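What the coordinates show
Now for the letters of each chain:
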Amino acid sequence: MDHTPEFPERLTSGYQAFLSGRFHSERSRFRRLAELGQSPEIMVIGCCDSRVAPELIFDAGPGEMFVLRNVAALVPPYEPDSHYHGTSSAIEFAVNGLNVRHIVVMGHASCGGIRSYYDDAEPLAKGDFIGKWMSQINDTAQRLKLPGVDPQADLRRLELSVVEHSLKNLMTFPYIRQRVEQGQLQLHGAYFGVATGLLFVRDPVSGDFVPVGEGPGEDIVD
């Protein structure tokens, strides 16, 4: 039996469409980015969920946003040790290398990572990387004291609280705190409804998530 891997046809056809479409129409932009490098002002930290693509949600072109995606859009605390830190290294590059002016942490409805934590799901593999990763929110979940009567409401509260959790952890990075205090960097929280398409942005004063471009009657429902 031949087990030679075949590159997915969906990617091949998608690339051909990109080549004759967007790349063709924005060729000068791509050339400029290749020659001058990237200089985005915005970093988005989002979930790796395939339904929540920041570039699509914010209609961003190449070079406009520096995007980091991981399970549940989690930012761990600043821990300068000998371990590998993919999320922290991307943040370090965005802030100290690219000098971004904004960091947006974007959670979303129906997050699988948060659902697995809430359900105390069985590990998907022996190493249980997901379980270990999600254990970062233990204290956050305990502070919420979720009643367990309405799982959907519990999950929504937990999803929003994880955005807060990541924003607080960003401030444990010395160079982020310094830039925020000097007015050189702003941190933002956001929440996307997969089914509704609604985007909610965290009010930095009240901590409430308010809808963008919708009436005040709109609620976070998905």
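None of these values were measured; they are calculated from a predicted model.

What follows is about a nonpolar patch on the surface. Together, Y15, F18 and L19 make up a nonpolar patch on the protein surface, roughly 250 Å² of accessible area in all. Tracing the backbone shows F18 in helix α1 (residues 9-20).

Turning next to the pairing of strand β3 (residues 102-108). Among the 7 residues of β3, 6 are classified as buried, and the element is accordingly described as predominantly covered. Strand direction decides the pairing type here: strand β1 (residues 42-47) and β3, joined by 5 bridges, are parallel. Along β3, the bridge assignment pairs M43 with I103.

Before going further, it helps to spend a moment on the domain arrangement of the protein chain. Domain parsing of the protein chain yields domain 1 (1-36) and domain 2 (38-211). Contact residues are listed per partner, giving 6 residues for domain 1 and 6 residues for domain 2. Together domain 1 and domain 2 conceal approximately 430 Å² of surface at their shared face, both sides included; 56% is due to carbon and sulfur atoms. Of all residues in domain 1, the largest losses of buried area upon contact with domain 2 belong to R22, R29 and L33, amounting jointly to 80% of the total for that side. For the pair domain 1 and domain 2, the number of links is 1 salt bridge. A salt bridge links E64 to R29, with the shortest nitrogen-to-oxygen separation between them at 3.5 Å. Counting across the domain 1 and domain 2 interface gives 2 residue pairs in polar contact (both at pLDDT 80 or more). Counting residues per element, the side of domain 1 that touches domain 2 draws most heavily on helix α3 (residues 27-36), at 4 residues. Across the side of domain 1 that touches domain 2, the residue classes tally to 3 nonpolar, no polar and 3 charged.

What counts, and where the lines are drawn
Residues numbered from 1 in each chain as written. Predicted model: local features only at pLDDT ≥ 70, side-chain atom pairs only at ≥ 80, totals over all residues. Heavy atoms only, no water. Patch = residues over 30% accessible without salt bridge, like charges linked within 9 Å, V, L, I, M, F, W, Y side chains within 5 Å. Areas by Shrake-Rupley, 256 points an atom, 1.4 Å probe, with all protein chains shown as cover. Salt bridge = Lys/Arg side-chain N within 4 Å of Asp/Glu carboxyl O. Helix = DSSP H or I, 4+ residues; strand = E, 2+ residues; numbered from the N terminus. Buried < 20%, exposed > 50% of the residue type's maximum accessible area, 1.4 Å probe, protein only. Pairing = 2+ DSSP bridges. Domains from an automatic or database assignment. Contact = heavy atoms within 4.5 Å. Buried area = accessible area lost by both parts, 1.4 Å probe. Polar contact = N/O pair within 3.5 Å; in protein donor to acceptor, adjacent residues only side chain to side chain. Nonpolar A, V, L, I, M, F, W, Y, C, P; charged D, E, K, R; others polar.

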